[in-house]
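Each chain is listed here by its residues.
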Amino acid sequence: MSGSRNGAAAAGGNTDLDYYDAIDDYVTAMQLEDDEEECFSHHSDGVVKPRILVMGLRKSGKSSIQKVVFHKMSPNETLYLESTNRIYTEDVNSSSFVSFQIWDLPGQIDFFDPIFDHEMIFRGTEALIFVIDSQDDYVEALDRLHNTVTRAYKVNPKIHFEVFIHKVDGLSDDHKIEKQQDIQKRANDDLVDGGFTKIHLSFYLTSIYDHSIFEAFSKVVQKLIPQLPTLENLLNIFISNSGIEKAFLFDVVSKIYIATDSSPVDMATYELFCDMIDVVIDISCIYGRAPHHWEDNAGGLPYDDESMAIIHLNNTTVMYLKEVTKFLAVVCFVRKESFERKGLIDYNFHCFKQAIQEVFDVRLRVQENRKLYFQRRWSEVSAKSNEASGSNPR
Ligand SMILES: Nc1nc2c(ncn2[C@@H]2O[C@H](COP(=O)(O)OP(=O)(O)OP(=O)(O)O)[C@@H](O)[C@H]2O)c(=O)[nH]1
Ligand SMILES: [Mg+2]
């Protein structure tokens, strides 16, 4: 591994752990994983990018969620969305670690109709989001959920099943909890009754009218990032050495947070950070100048490696946003007295940024190896099948 072995400067913190140890652990883990052929099995169609399916009944809100999270559509505009009548696939590639393919499946199609090769689709799927409209009667949705997850599980038991209990904006907090408990109990009881005790469903209360949909999507995407423990570890080292209270690593295009330090996440903090990103991006879009070479990427956002923002709050805390790699930013809360040592924070940030870059480089190398591996496997398979068809002429 290249790069200097200088650890972070500590503000009275632990110097034993340094960024490079964390990266070395990660590289070893990835090499071990690479030796296991089994980990490639669910990519048998050669697609290395994780695939997320979004399923659910008609009008449950599937397309709205994708438009709001990935296309910055305002929630009110979703009122005019037409019903989806075919499968839409989209590549999401905003920042270094947020890279997947998302499929919007129309509510009205029967996915298990023989004209769909649902087995092939589930085999290459890493996450299945099932959207339930909480404002509607959800008996039919629960039936469909059960049918979908049990069939998908039989094909690919590694899929993460994520249930969005959606459109909860009209409900009081008590009512939301009641609804979640009811849906969760019914869905899990159905699985136990059917003998599917190993299927795990994760539930989220979501709405496009607040930050809950971004938080839920963040958690879904985090499960697809094998480097997550390393990123969390790096954030822990960064904050403990810099006197920072809480830090998130954000994809600024989607406002998905891909990692945070190990202290608990408070929704209000997350919302404040999302608002800060909106302010930075909005001001940059209105008054900033987009570099020409970015125009093909993410709509030519005027956001670059110089981007940063500082907001002094009225409660002796400072919000600090700093770019890490393209479209990836650290946003953190710093106490005013710690912020007086901004030089130390910036030095530690520099080490953190280098470490993230190294993790990303390793990720790219692993992805490249996987691609070559699949190309080799597929050429072997097609050579064998050509041989077989040549030796058995009809
Ligand atoms: N109140 C509320 N309405 C929502 C929310 N999300 C979506 N909707 C509304 O739900 C309606 C249906 O949304 P769509 O995104 O078209 O639903 P869909 O699941 O894609 O529907 P199909 O394409 O027909 O399968 C629209 O009028 C949206 O404005 C939400 O969080 N809260
Ligand atoms: Mg739709």
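Structure shown above.
Model, not experiment: these values are computed from the prediction. (Residues numbered from 1 in each chain as written. Chains lettered and ligands numbered in written order. Predicted model: local features only at pLDDT ≥ 70, side-chain atom pairs only at ≥ 80, totals over all residues.)

It is worth spelling out the overall build of the protein chain at this point. Regarding its fold elements, the protein chain presents 10 helices and 11 strands. Taking all 394 residues of the protein chain together, the buried fraction comes to 33%. A fraction of 72% describes how many contacts in the protein chain between residues 6 or more apart in sequence connect residues 24 or more apart. (Helix = DSSP H or I, 4+ residues; strand = E, 2+ residues; numbered from the N terminus. Buried ≥ 20, exposed ≤ 12 C-beta atoms within 10 Å, placed from the backbone. Contact = placed C-beta atoms within 7 Å.)

Right, let's talk about the packing of helix H2 (residues 62–71) against helix H6 (residues 212–222) for a bit. H6 packs onto H2 with a crossing angle of 85° between their chain directions and a minimal axis gap of 11 Å. Our classification of the angle between H2 and H6 gives roughly perpendicular. Here Ile65, Val68 and Val69 of H2 lie close against H6, whose contacting residues are Ile213, Phe214 and Phe217. Its residues assigned to classes, the contact of H2 with H6 comprises six nonpolar, no polar and no charged. (Axes fitted to C-alpha atoms, helices over the stretch in contact; angles between N-to-C directions. Parallel < 35°, antiparallel > 145°, perpendicular 65-115°, else oblique. Nonpolar A, V, L, I, M, F, W, Y, C, P; charged D, E, K, R; others polar.)

Let us look at the nonpolar core. The tendency in soluble globular proteins is for nonpolar side chains to be buried side by side. Counting residues in hydrophobic clusters, the biggest one holds 84 residues, and the most contacted among them are Ile129, Ile132 and Leu249. Residue assignment places this core across two domains, with domain 1 (19–37 + 226–367) and domain 2 (51–222) each supplying three or more. Setting aside residues no more than four positions away along its own chain, Ile132 makes contact with Gly56, Ser60, Tyr138, Ala141, Leu145, Val163, Phe164, Ile165, His166 and Ile183. (Core = buried A, V, L, I, M, F, W, Y, C linked by C-beta atoms within 7 Å. Domains from an automatic or database assignment.)

Here five strands make up an open sheet; going across it, the order is S8-S7-S11-S10-S9 and the pairing antiparallel. Whereas interior strands pair on both sides, the edge strands pair on one side only; in this sheet they are strand S8 (256–260) and strand S9 (308–312). Shown here is a sheet whose adjacent strand axes are inclined to one another by a mean of 20°, direction ignored. Two strands pair when backbone bridges link them, and strand S10 (residues 317–325) and strand S11 (residues 328–335) are joined in this way by eight bridges, in the antiparallel orientation. In the sheet register, Thr325 faces S11, and the bridge partner there is Leu328. Strands in contact with helix H7 (residues 228–242) are strand S7 (244–251), S8 and S11; relative to S7, the strand with the most contacts, it is inclined by about 145°. (Pairing = 2+ DSSP bridges.)

A separate point is H6. Judged by how many residues are buried, H6 sits mostly within the fold: nine of 11 residues are covered. Along H6, the residues classified as buried are Ser212, Ile213, Phe214, Glu215, Ala216, Phe217, Ser218, Val220 and Val221.

This paragraph deals with the site of ligand 1. The immediate surroundings of ligand 1 are formed by 21 residues, with Gly61, Ser63, Ser64, Thr84 and Gly107 found nearest. Looking at the shell around ligand 1, the element that brings in the most residues is H2, giving three residues. Classifying every residue of the shell around ligand 1 by side-chain character gives five nonpolar, 11 polar and five charged. (Near = placed C-beta within 6 Å.)

All right, on to the environment of Lys223 then. Its place among the elements puts Lys223 in the loop between H6 and H7. As for Lys223 and Ala127, which are separated by 96 residues in sequence, their C-alpha atoms are 8.7 Å apart. Not counting residues up to four positions away in its chain, the partners in contact with Lys223 are Ala127 and His160.

For helix H4 (residues 139–155), spanning 17 residues, the distance from its first C-alpha to its last is 25 Å, which sits close to the expected 24 Å at 1.5 Å a residue. Considered for burial, the residues of H4 that qualify are Ala141, Arg144, Leu145, His146, Thr148, Val149 and Ala152. Buried-residue contacts for H4 involve strand S1 (51–56), helix H3 (118–123), strand S4 (127–133), strand S5 (160–166), helix H5 (173–193) and strand S6 (201–205). (Expected span 1.5 Å × (residues − 1).)

The subject of this paragraph is unusual backbone geometry. Despite not being glycine, Lys59 shows a phi value in the positive range, around 65°. Relative to the helices and strands, Lys59 resides in the loop between S1 and H2. The class for Lys59 is partly exposed, based on 16 C-beta atoms found within 10 Å. Its identity is not glycine, yet Thr316 carries a phi of approximately 65°, on the positive side. Classification of Thr316 as exposed rests on a count of 10 C-beta atoms within 10 Å.

A few words now on the pairing of S5. Of all seven residues that make up S5, six are buried, and the element is covered over most of its length. Pairing of S4 with S5 involves seven bridges; the strand directions are parallel. Following the sheet pairing, Ala127 is matched in S5 by His160. In this fold, S4 hands off to H4, which returns the chain to S5; that crossover is right-handed. Relative to S6, S5 runs parallel, the two sharing five bridges. (Right-handed = clockwise from strand over helix to strand, strands pointing away.)

Okay, the sheet that holds S6 next. With respect to topology, six strands assemble into an open sheet ordered S2-S3-S1-S4-S5-S6, the strand pairing being mixed. Looking along the sheet, the strands with just one partner apiece sit at the ends: strand S2 (88–92) and S6. The sheet shows a mean angle of 20° between the axes of neighbouring strands, taken without regard to direction. With five bridges joining them, S1 and S4 adopt parallel strand pairing. The residue bridging Leu53 from the neighbouring strand is Leu128, located in S4.

We now examine the pairing of S1. The buried fraction of S1 is high, at six of six residues. Where S1 and strand S3 (residues 100–104) come together, four bridges link them in parallel fashion. By the bridge assignment, Leu53 is partnered in S3 with Trp103.

Bringing the packing of H4 against H5 into the picture now. Relative placement of two packed helices is described by the angle separating their axes and the distance separating the axes. Packing of H4 against H5 brings their axes to within 10 Å, and their N-to-C directions diverge by 40°. Classified by the interaxial angle, the pair formed by H4 and H5 is oblique. You can see that H4 and H5 cross each other, and the crossing is right-handed. Of the residues in H5, those in contact with Leu142, Leu145 and His146 of H4 are Arg186, Ala187, Asp190 and Leu191. Broken down by class, the residue content of the contact of H4 with H5 amounts to four nonpolar, one polar and two charged. (Left-handed = near helix turned anticlockwise from the far one by under 90°.)

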